[in-house]
Amino acid sequence: MKAPELLAPAGTQRHLEMALAYGADAVYAGPPRYSLRVRNNSFRDETALAEGIRTAHQRGARFYLVINIAPHNDKVRSALRDIEPLVALGPDALIMSDPGLIMLVRERWPDLPIHLSVQANAVNWATVEFWKRQGISRIILSRELSLREIEVIREQVAGVELEVFVHGALCMAYSGRCLLSGYMNHRDANQGACTNACRWSYQPVSSTQDDTGDLIPVSQEDGEKQVLVEEAGRPGETVPMHEDEHGTYIMNSKDLRAVQHVESLCRMGVDSLKIEGRTKSPYYVARTVQAYRRAIDDAVAGRPFDRGLMDELEALSNRGYTEGFFRRHPPAEYQRYEAGTSLQGTRQWVGEVLGGDAHWLDIEVKNRFQLGDVLELMTPGGNLPFRLMALETHKGEPIEVAPGSGHRVRVPRPPDVASLEHALLTVDLAARRN
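Here the structure is a predicted model, which is why all the values come from computation and not from measurement.

Reading guide: rules and limits
- Residues numbered from 1 in each chain as written.
- Predicted model: local features only at pLDDT ≥ 70, side-chain atom pairs only at ≥ 80, totals over all residues.
- Heavy atoms only, no water.
- Buried < 20%, exposed > 50% of the residue type's maximum accessible area, 1.4 Å probe, protein only.
- Helix = DSSP H or I, 4+ residues; strand = E, 2+ residues; numbered from the N terminus.
- Pairing = 2+ DSSP bridges.
- Phe/Tyr/Trp six-rings, centres within 6.5 Å; stacked < 30°, edge-to-face > 60°.
- Lys NZ or Arg CZ within 6 Å of the ring centre and 35° of its normal.
- Core = buried A, V, L, I, M, F, W, Y, C linked by side-chain atoms within 4.5 Å.
- Domains from an automatic or database assignment.
- Contact = heavy atoms within 4.5 Å.

To continue, consider the pairing of strand β19 (residues 374-379). In terms of burial, β19 is largely enclosed, as six of its six residues are buried. Side chains of β19 alternate between two faces, with Val374, Glu376 and Met378 and Leu375, Leu377 and Thr379 buried alike. In this structure, β19 lies alongside strand β20 (residues 382-387), joined through six bridges in antiparallel fashion. If you follow Leu377 over to β20, its bridge partner there is Leu384. Between β19 and β20, which follow one another and run antiparallel, lie two residues. Two elements, β19 and strand β24 (residues 424-428), share four bridges in a ladder whose sense is antiparallel. Bridging across to β24, Leu377 finds its partner in Leu425.

Below is the structure:
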């Protein structure tokens, strides 16, 4: 059993460096105009992308350039002009979804590897075979596949790499092909500007029909709340649109966590396991990469799955976890109907380690922590929990609380810390509550 590539998100250069430090084999990023990530994306020009590609290659990792929008004519017209200087930077592959752009890129750069984006919705072996014949070197399979379906594709089609998402946000639409954000507030998800309208709270409103038959809002006394949905083929079977006094989040999907299936995916010969999250924090990247790196290494070495990895991923804020479509589940396993906000997680990122000496660590505070908290020093070499028994300002003055973002403090250095590079500080929220 060979180890699949661990592929991590890189929304910024900082994310990229954390991903590589904690064990990623490759990263993916792209310019906002073409890569479906307008927000929290620092790779906006050639200089930033050149630095990212150079950093990845210097550390023996691969850098995949994302060009996966659904382009209208104006972007088709400018695409090759804008992509040309980026191709010259030497990315290891382009991630693309649009057949037209793929055709144009292959004509211009016939030897450049192209990975088919999940946006292209490859869900069967025949589709994978089709794209293989077009010269595509890797297919990123749709998220809506079961383990058995992935296995059949691997058995049916040889000579092309397969990539599978194992962690991160899920979409209520088919692998991200959603029009809701564009309809609600004119920001098109297929152009990278999704506002996650599916996760908003929707309140039922009293209504009545006007003379044309359209529903119009009225006061509670004059109308009825439209709170039930009935499918025509199932008369009498109604679905409530109103969950509680807070409204409904009926389209709000849970987050994918499939670390428990890493061994199965390795065994069936999947070539790359992918983490979603280019707009998440550097802490998210470090924590997820660290967990999936261990899961891959354990699977390849023949060690049993460590269920503690699932607990480690609970440390992150999330919308409730599901293992997605890998196995059949009731609908409630995919959706989080009761709330639109994320669950806090068992741990919170509270600081970034700037350096230190033999006795103290210099911390840039991200979130509040205090004396008595159980902290964890996260490093690429391992994680060290300790209880905070002393705390100082950066000038050496004793304090009891690190107030929050914008402050610099010092905490005692735990023993046996070999390196502080890329180290992060977290707090155990469960221990604080207890």
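For the rest of this paragraph, the subject is the packing of aromatic side chains. Throughout the structure, instances matching the rule amount to three aromatic pairs. Ring geometry for Phe130 against Trp131: centres 5.2 Å apart, planes inclined by 80°, an arrangement best described as edge-to-face. Plain terms: the ring middles of Tyr283 and Trp349 are 6.3 Å apart, the flat faces sit at 25° to each other, and that makes the pair stacked. Of this pair, Tyr283 sits in helix α9 (residues 282-301) while Trp349 sits in strand β16 (residues 347-356), and the two are 66 residues apart along the sequence. According to the relative accessible area criterion, Trp349 is buried, its value standing at 13%. One residue, Lys274, lies across the ring of Tyr28, its end atom 4.4 Å from the ring centre. Between the NZ or CZ atom of Lys280 and the centre of the ring of Tyr284, over which it lies, the distance is 4.3 Å.

Moving on: the nonpolar core. Considering soluble globular proteins, one finds that nonpolar side chains tend to be buried as a cluster. Formed by 94 residues in total, the largest nonpolar core has its most connected members in Phe63, Ile139, Leu141, Ile150, Leu265 and Val289. In terms of residue count, the dominant contributor to this core is α9 (10 residues). Counting contributing residues per domain, this core is built from domain 1 (5-175 + 253-333) and domain 3 (347-432), each supplying no fewer than three. When near neighbours in sequence (up to four residues on either side) are disregarded, Phe63 contacts Leu16, Val27, Ala29, Leu49, Gly52, Ile53, Ala56, His57, Pro91, Asp92 and Ala93. One finds Val350, Val353, Val417 and Leu420 within the second-largest nonpolar core, a separate group that totals 20 residues.

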